[in-house]
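Here's the letter readout for the chains.
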Amino acid sequence: MLQSMDTATGGIGEAVLDARDLCCRRGGKDLFSGVGFRLDPGSLLFVRGQNGCGKTTLLRTLCGLTRPARGAIHWRGRRIDQDDAATRELLYVGHREAVKDELTPLENLEVHAGLRGERHDEAAREDVLVRVGLAGYEDVPVRFLSQGQRRRSALARLLLSPATLWILDEPYNALDRGAVGWLTGVMRDHLAHGGMVVATSHQPIEGIRDQRTLELG
Amino acid sequence: MGRALWTLLRRDVSLIVTRRQDVLTVVAFFVIVITLFPLAVGPEPEILRELAPGAVWVAAALASLLSLDRLFADDWRDGTLEQLALVPQPLALVALAKVLAHWLALGLPLVLLSPMLGYSLGLRGAELLVLPASLALGTPVLGLLGGIGAALTLGVRGGGALMALLILPLFVPVLILGSGAVSQVMHGGDFLSHFYLLGALLAVAVPLAPLAVAAALRIALD
């Protein structure tokens, strides 16, 4: 039986993201139950736990991709399955990066921005790719890039998007030390501007003060 | 609103076209299946002419089936489908855009090639106009029905064969009406009634099939 320790509850009144009593079932068995937390602008929720304890499922549930067996998630006071405002304000970078092999990092970025209905000029996209360390690779099809570079080109979406809530599944995977530091800096900036982050990771997220931990399993 | 769907449509068409392999496979398959008929049946022009509408239509149906298992599989595997489910637009519209892109890149070439293949089997005159017109009305319906099969069998091992079993029976009405229209012209009958029915099928499939596809995709993603 899996239990969760809720260390992330806090704050008074309506939180922007509010999950109550979540229970997710996979293959006929409870993955986790009774999970709840609240998240306010400027804070990071660090989801921790062993392999198979449901971290990815929890993140996908927050996105609305998976329905919880029990419990509800509220975004700005409204249930996410009844109101798609949350979907528009969140950016999810999953374990599978949604980067197309045939396209270049620049084209991938353009497609993702287009799908979200955002408009950017090409200079902005190029600038973002330089910032993620893909200068010189903007026009190379992604299949010729390394796993870490693929990851960087997926994470470049974070810099371009106005989304408030970032949901990141193992964002540090395949990144080198420099990129880990860079990503932490980007998250810190995002939080400083009133953003929110929910992330899973097997390594601690260092250097972010307003951080709550949710231990699954 | 339209921007996301337009981006998706453009991306899908350009991905299929730049990959080239899919288009070439489907077109080559279509041509080869049709050339098998004279080889198997014999070279009598009268018999071939009689078989022509059915032959072209069966080849078109099989060729559409051939590429359909890839419709959502690539996006599903690399995580793009998750992102598509998070697009502000309804998933049904996203599915419709994907089916449309698939048809533009892989169905339209069959429509454009069909007069040539019809001619080689002995179709003449107005028949060579009615054949591509019937395909233009019918193959989008095949694509929409196939989309349901592709979404339902997503992630299933041997999904392609299962999809064929699921979807081929549903192709039957389209096949009958499509080849029937051409046969009608050949025998001096009225082909318009067939076209109206094909059009009706298309008009029903466009709004309804994407809903079924979206529901199946949600299950696959869950």
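These notes cover the structure that comes with them. None of the values given here were measured: they were computed from a predicted structure. Throughout, residues of each chain are indexed from 1 in the direction in which the sequence is written. Here chains are named by letter from A upward and ligands by number from 1 upward, in the order in which they appear as written. With pLDDT at 70 or above as the cut-off, local features in this predicted model cover only qualifying residues; side-chain atom pairs require 80 or more to be listed or tallied, and sums for whole chains, interfaces and linings still use all residues.

**Re the overall build of chain A**
Worth spelling out the cut-off: Helix and strand definitions follow DSSP, with helices as H or I runs of at least four residues and strands as E runs of at least two, each counted in order from the N terminus. In this setup the radius of gyration rests on C-alpha atoms only. A globule is expected at 2.2 Å times the number of residues raised to 0.38. The burial criterion counts other C-beta atoms lying within 10 Å of a residue's C-beta, which is placed from the backbone; the residue is buried at 20 or more, exposed at 12 or fewer, and partly exposed between these limits. C-beta atoms are first placed from the backbone for all residues, and any pair lying within 7 Å is then listed as a contact.
Along its length, chain A carries six helices and nine strands. Radius of gyration (C-alpha) of chain A: 17 Å, near the 17 Å computed for a compact globule of 217 residues. Dimensions of chain A, computed from the C-alpha atoms along their principal axes, are close to 50 × 35 × 30 Å. Within chain A, the proportion of its 217 residues that are buried is 42%. Counting only contacts in chain A whose residues sit at least 6 apart along the sequence, the fraction spanning at least 24 positions is 71%.

**Describing the sheet that holds strand β9 (residues 211–215) of chain A**
Residue and element names in this part refer to chain A. For clarity, the threshold we go by: Any two strands are treated as partners once DSSP identifies two or more bridges connecting them. The axes are straight lines fitted to the C-alpha atoms, using for helices just the contacting stretch, and the angles between their N-to-C directions are given from 0 to 180°.
With parallel pairing, five strands are arranged side by side in an open sheet as β6-β7-β8-β3-β9. Both edges of this open sheet fall to β6 (90–93) and β9, since each of them pairs with a single strand only. On average, each strand axis in the sheet is inclined to that of its neighbour by 15°, with strand direction left out of account. One ladder, built from four bridges, connects strand β7 (residues 165–168) with strand β8 (residues 196–200); its direction is parallel. Across the sheet, residue Ile 167 finds its bridge partner in β8, namely Val 198. In the packing of helix α1 (residues 55–63) onto the sheet, contacts are made with β3 (44–48), β6, β7 and β8, and the angle to β8 comes to roughly 150°.

**What about the sheet that holds strand β2 (residues 29–39) of chain A?**
All names here are of chain A. In space, the four strands of this open sheet follow the order β2-β1-β4-β5, with antiparallel pairing throughout. Two strands close off the open sheet at either side, each with one partner strand: β2 and β5 (78–79). Of the pairings in the sheet, the one linking strand β1 (residues 17–26) to strand β4 (residues 70–75) comprises five bridges and is antiparallel in character. Among the inter-strand pairings, Arg 20 is bridged to a residue of β4, identified as Ala 72.

**What about the pairing of β6 of chain A?**
Residue and element names in this part refer to chain A. Because side chains alternate across β6, one face comprises the buried residues Leu 90 and Tyr 92, and the other comprises Leu 91 and Val 93, equally buried. The pairing of β6 with β7 spans four bridges and is parallel. Residue Tyr 92 lies in a different strand from β7, and its bridge partner there is Ile 167.

**A few points about the pairing of β4 of chain A**
Residue and element names in this part refer to chain A. In the sheet, β4 pairs with β5 via two bridges, with the strands oriented antiparallel. Within β5, the residue paired with Trp 75 across the bridge is Arg 78. Adjacent in sequence and paired antiparallel, β4 and β5 are bridged by two residues, among which Arg 76 carries a positive phi angle near 50°.

**Concerning the packing of helix α1 (residues 2–19) of chain B against helix α2 (residues 21–41) of chain B**
Residues and elements named next belong to chain B. Defined as follows: Orientation categories follow fixed angle ranges, with anything under 35 degrees roughly parallel, anything over 145 roughly antiparallel, 65 to 115 roughly perpendicular, and all other angles oblique. Ten residues, namely Ala, Val, Leu, Ile, Met, Phe, Trp, Tyr, Cys and Pro, are considered nonpolar, four, namely Asp, Glu, Lys and Arg, are considered charged, and the remaining ones, Gly among them, are considered polar.
Where α1 contacts α2, the two axes come as close as 4 Å, and the packing angle between them is 70°. With respect to each other, α1 and α2 are oriented roughly perpendicular. Contact residues: Ile 16, Val 17 and Arg 19 in α1; Gln 21, Asp 22 and Val 23 in α2. Taken together, the residues of the contact of α1 with α2 break down into three nonpolar, one polar and two charged.

Any functional reading would require information that these geometric values do not contain.
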